[in-house]
Each structure stands twice: as C-alpha cells, then as structure tokens.
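# Fold and geometry: a report
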2 protein chains.
Amino acid sequence: MKLCLLGPEGTFSEMAARKWSRDADLIFMDDMESVAIAVEEGACDEGILPIENSLEGPVGAVMGLLLDISSPIIGEVILPIKQCLMSRGSLENIRIIVSHPQALGQCRHYIHEHFPGAEVRTTGSTSHAARLAQEFPEMAAIGCSESAQKYGLKVLKEGIQDHPNNYTRFIVLGRKEAAPTGHDKTSLAVYLDRDRPGALYDFLGEFAHRQINMTRIESRPSKKLLGDYWFFIDVEGHRDDALLREAISALKDKCTTLKVLGSYPRADIA
Amino acid sequence: MKLCLLGPEGTFSEMAARKWSRDADLIFMDDMESVAIAVEEGACDEGILPIENSLEGPVGAVMGLLLDISSPIIGEVILPIKQCLMSRGSLENIRIIVSHPQALGQCRHYIHEHFPGAEVRTTGSTSHAARLAQEFPEMAAIGCSESAQKYGLKVLKEGIQDHPNNYTRFIVLGRKEAAPTGHDKTSLAVYLDRDRPGALYDFLGEFAHRQINMTRIESRPSKKLLGDYWFFIDVEGHRDDALLREAISALKDKCTTLKVLGSYPRADIA
C-alpha cells in the first residue's frame, strides 16, 4: 500500500503515518496539495494530512483542499505533540529560531519569554527547519526529537509547547468510503445561505432533534465576501446509519451546498 | 487621543488607524499583546487590532487576547487589502520572499505559481518585511504600497493576493462601552459544556427565536483538550437593546462562561 504524506522524513506527519500503518510504503511529497492530488489521481492509495491541533486550531489549507477533491476521508489519527528546541550550538548563542508556523505558534510564549530578541523564521516543515539548523550554530529548530537524531542536532530543551495538551489530529484520504464499525464519525462541509437569519440554527437542529452529537464545528472564509463562511462539521455516526442518513437528506434541502467529506472510525486520544 | 497599534509605520494597521481617526496620536507597539495591555492599563486611550481577514480567516492571537482583557471593543474598521510585491532588485533575481504569515497566506497561490523555488520567510509585520528587503536585492517583501515608498523599494507587482475580495476587519479597544446608534453589533465569547449534545444548538436558539441575526461564529481551541472550543459570536444589535439584553441574560444560564466583548457601531465594507 502506498501512503503519501508531507515530507521530508522525520516530521510529525511521518509519526502519524506510522501510527496509521506500520507496513505502508511512505511516499514523501513537497506540499499538502500534492498529497491530496496523489490520492485523487490514483498515484497513491492513501494520503495523510494534519487537520487540527489542540492549541493552534484548524489547518486552514487542508480544509480548503477538502472542498476541491472527491477522495473521501477514510480514517483519522490523533498524535500527541512534544516540541523540542534543537541546535548544533548551545542555548546562550541562539539568535534565530526556525520552524513550521504551527510549531512556532504552539511555542509562542516559550519563545517570547526565553528568546525575546531572537529572529523567528518559518519553514515548510519542522524537518526542513532541523535540516536548516544543521548549517548554523546560532540557529535553533523546533520540532520532534526524531528529527534532531536524523539531522545530528542536540535537543536543548524538550516539551517547550505552551500547553501540556498538545495533540494534532490527522485525516487519512483514500479511494473507497470506510464501512460502518459502530464507533464512527462523519465529516461534512456546508455552505449556508448567509442572508437568512437563523440558517445555522436550523441546520444544527436536524442533528440536535435526532440526538446526534456534534463533535466539532469550524467556520472557514468562503473567500467571496468578508463574513461569508463554509462550515466544517463533524458528527458522531456513519452516513449509512439510519438516523444520520435521514438528517443528511433533510439538510440537503436546507443549504446551498452540502458535501459529505467521509464517514470513518473515530480515533481516541489515548 | 492616543491610539496604539502594531508597528512599525507603513503597515495596513496604520491605514486602518487613520481610517478610524484622522487626528489621533499614533503610538506604535512591538506586538499585539502590548496594544491590548496599553489600553487595559491606561497608557493609551484606544488600541486597534486586526481580528479577521476575508481570505485567511481569524487572527487567532487576537481572539485569545480578548478572553484575557476587560477593555471593551468600541468599534470596528474594514480595510480593503491590496498586497504588493516589492524589492530593491528585479523580478528575475528574487530568491527569498518575506512577509507577515497572514500576507503570505493571502498570496499562497501567487508565490507557488511565480516563485516555486523561492525561500519563504516570515516577519512580525509587512513593514518589517519591507525594511528587511531594503538590504538584499534578491529579497522581495509582500505588503502595502505605502511601505514600498517608505523603504525605497520598487513595487514589482500590485494586487498579488489570490482572491479579489481581500478585506481585513480591525477592532478598536477602548475604555468605555460605545452608546447605541441603531446600527450596532455585539461580540460575545462563550464556553459551552462540551459533554452535552446540542449545547451549541440550544445556545443559538436564544438568538434565532428572537430573530436576532448572527453575523459571525468562530470556534477557537480552548487549549485544554482536542475538540474543546471557545465560540466567538457576533450578533446584530446593542447589548442595551431589550431583545438582546433578554437573550444574553437567558444565555448566561446555559453556558459555563459568557463574556460580552463589546457593543459597537457596525462598519460597512464600502
């Protein structure tokens, strides 16, 4: 099985991919769009992408991709994230801190408190940051300890994220919808008529009246107008469950566009 | 009147501040937290901060700040955003692109298409980026044309944002709640009991049943658990309006925490 993910090696994405499948051939891509396209066009069987972090919130670019592709979400992986500060040099000499924007965001207070004067630069991944830090002893990368090993950096400090509950949820894209397991989740994207007061309330009512639990709601700018949103909603259950099927069918009449992004087994945090 | 904002000079924040007040003394701060604190502690009368962009969505850090301070939102400014690519050098030689993460995000496709091999670095503001680009002819900054002028850069390309409808909404923090004008908006932050199915639906019902229009809803990670959120909700009307006062009082019984962030005159896009 070919499983594609955001490269290079040694990132949290690789750890999530290994948690999803021990045996898959991992195909590393340059950006998140390429991961989605590889699954969509059949170059890979499955692809794994980060969708939200418990500190920094949604990964907006991935939410945008989900609107454009037809490959369903077939699974999810929840990965605990421990950010490390690593460098060739020593703590006193760090003048530049590099990492992916999400990782920098997760350590905002730590950086502000311990390196108030440092220049902060972003890279496309935490692993790129580690590779870059190989070259300059005054530079520290933030990322997982695996990439320190891989790029010959010292871990100067472990667990520097601002809050202890740091998890990233990844979704797995595939070819064929996952079968019901009795412990499932369904992800939807909805575009409502913004000019009708109470449209979102009406919409959520179809779930509430059927006692269907909503586990997540995110709004994402439609890019058409300020204040015009897509809503991304996760509910418990599989789209083939009778109640959820009924709710989705009722909802289709209530909104301009409703896209079922996939039904798949729920992952637990532990 | 002392109005503080994110510095340095020449950013979209300065344009928004001038749209809010022609005559105020502008006090430039190093980061957004300092703007909020200056108002909270009385060092400035008012402060202006970006809260959402029509392409990139909410400014998460500002939403976090609003939970921590007691200064009310007293107004808003909507600013059209035209991003420019500017440099001391010429288009062919650009190898590094620098800007604030929001500006980079607004131009993601443009950068990907026209500078696929360029290194992308972030700075604390678009103006910092322009200042940095002064030094290196192979570097281009993304920001407003005002900062090109200020830092002696050539505008190589104008309007490079990926979508034409690019607006940023700013909020103004002040000391004293704004009086009702008949064309107002009220911003709330709400923490619901996540273990109760339908809690958000119930909550929104208090507005829907009173025909109070909701203009915005955003979720923001509570940083306690994955899937645990604060909701930021904007509704039409002033907290002193009878119907809205009634709704807010009913809502206080329905959620763990409800914070009224402010009632203030609505700005229009034009």
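Numbers given to residues run from 1 along each chain, matching the order in which its sequence is written. Each chain takes a letter, starting from A, and each ligand takes a number, starting from 1, following the order in which they are written. Only residues with pLDDT of at least 70 are given local features in this predicted model, and only at 80 or more are side-chain atom pairs given and counted; all residues enter the totals for whole chains, interfaces and linings. Note that water and hydrogens are dropped before the side-chain values are worked out from all heavy atoms of the structure.

Where an unreviewed UniProt entry is consulted, chain A appears under the name prephenate dehydratase, with the organism given as Methanocella conradii. UniProt positions are given in the numbering used here, feature names are shortened, and annotations may be inferred rather than shown by experiment. UniProt, in the comment section headed Catalytic activity (unreviewed entry), describes chain A in these words: "prephenate + H(+) = 3-phenylpyruvate + CO2 + H2O". Quoted straight from UniProt, the Pathway (unreviewed entry) entry for chain A says "Amino-acid biosynthesis; L-phenylalanine biosynthesis; phenylpyruvate from prephenate: step 1/1."

## Regarding unusual backbone geometry
What you tend to see is this: most non-glycine residues have negative phi, and most peptide bonds are trans. Residues and elements named next belong to chain A. In this structure, Pro 8 follows Gly 7 across a cis peptide bond, with omega equal to -5 degrees. What counts as a helix is a DSSP run of H or I of at least four residues, what counts as a strand is a run of E of at least two, and both are numbered from the N terminus. Among the secondary structure elements, Pro 8 is positioned in the loop between strand E1 (2–6) and helix H1 (12–20). Phi at Gln 211 is positive, roughly 60 degrees, even though this residue is not glycine. Within the secondary structure, Gln 211 sits in the loop between helix H8 (199–208) and strand E13 (214–221).

## Points about the interface of chain B and chain A
When checking whether two residues touch, look at their non-hydrogen atoms; a contact exists if any pair is within 4.5 Å. In this complex, chain B contributes 44 residues to the contact, which on the side of chain A involves 44 residues. Note on definitions: buried area is the accessible-area loss of two parts on being combined, 1.4 Å probe, summed for both. When the two sides are added together, the surface that chain B and chain A hide from each other amounts to roughly 3800 Å², 57% of it contributed by carbon and sulfur. The three residues of chain B that bury the most area against chain A are Tyr 201, Lys 223 and Leu 226 of chain B, which together make up 22% of that side's buried surface. In the sections that follow, a salt bridge refers to a side-chain nitrogen of Lys or Arg positioned within 4 Å of a carboxyl oxygen of Asp or Glu. For the pair chain B and chain A, the number of links is zero salt bridges. Of all the secondary structure elements, the ones that give two or more residues to the side of chain B that touches chain A are strand E3 (46–53), helix H5 (108–114), strand E8 (119–122), strand E11 (167–173), helix H8 (199–208), strand E13 (214–221) and strand E14 (229–236) of chain B. By residue number, the principal contributor to the side of chain B that touches chain A is E13 of chain B, which donates eight residues. Taken together, the residues that form the side of chain B that touches chain A break down as 18 nonpolar, 15 polar and eleven charged. Each residue gets one label: Ala, Val, Leu, Ile, Met, Phe, Trp, Tyr, Cys and Pro are nonpolar, Asp, Glu, Lys and Arg are charged, and the others, such as Gly, are polar.

## Notes on the packing of aromatic side chains
Aromatic pairing here means that ring centres of Phe, Tyr or Trp (its six-membered ring) are within 6.5 Å. Orientation follows from the plane angle: under 30 degrees is stacked, over 60 is edge-to-face, and everything else is tilted. This structure, assessed with the given rule, holds nine aromatic pairs over all chains. On the basis of an interplanar angle of 0 degrees and a centroid distance of 4.4 Å, the ring pair of Tyr 201 of chain A and Tyr 201 of chain B is categorised as stacked. Placement of Tyr 201 of chain A in helix H8 and of Tyr 201 of chain B in helix H8 is noted, with the two residues assigned to different chains. Residue Tyr 201 of chain B is classed as buried on the basis of its relative accessible area of 12%. In this scheme, a residue with accessible area under 20% of its type's maximum is buried, one over 50% is exposed, and one in between is partly exposed, where area comes from a 1.4 Å probe on protein chains only.

## Topic: the packing of H8 of chain A against helix H9 (residues 242–252) of chain A
All names here are of chain A. Two elements in contact, H8 and H9, have axes whose closest approach is 9 Å; the angle formed by their N-to-C orientations is 160 degrees. Overall, the two elements H8 and H9 adopt an arrangement that is roughly antiparallel. Of the two possible hands of crossing, H8 and H9 adopt the one that is right-handed. On H9, the residues that touch Phe 203, Glu 206 and Phe 207 of H8 are Leu 244, Ala 247, Ala 250 and Leu 251. Split into classes, the residues belonging to the contact of H8 with H9 amount to six nonpolar, no polar and one charged. Every angle, taken between N-to-C directions, lies between 0 and 180 degrees, and every axis is a line fitted to C-alpha atoms, over only the stretch in contact when it is a helix. For classification purposes, angles smaller than 35 degrees are called roughly parallel, those larger than 145 roughly antiparallel, those between 65 and 115 roughly perpendicular, and all remaining angles oblique. Note on convention: the crossing is left-handed when the near helix lies turned anticlockwise from the far helix by less than a right angle, right-handed when the turn is clockwise.

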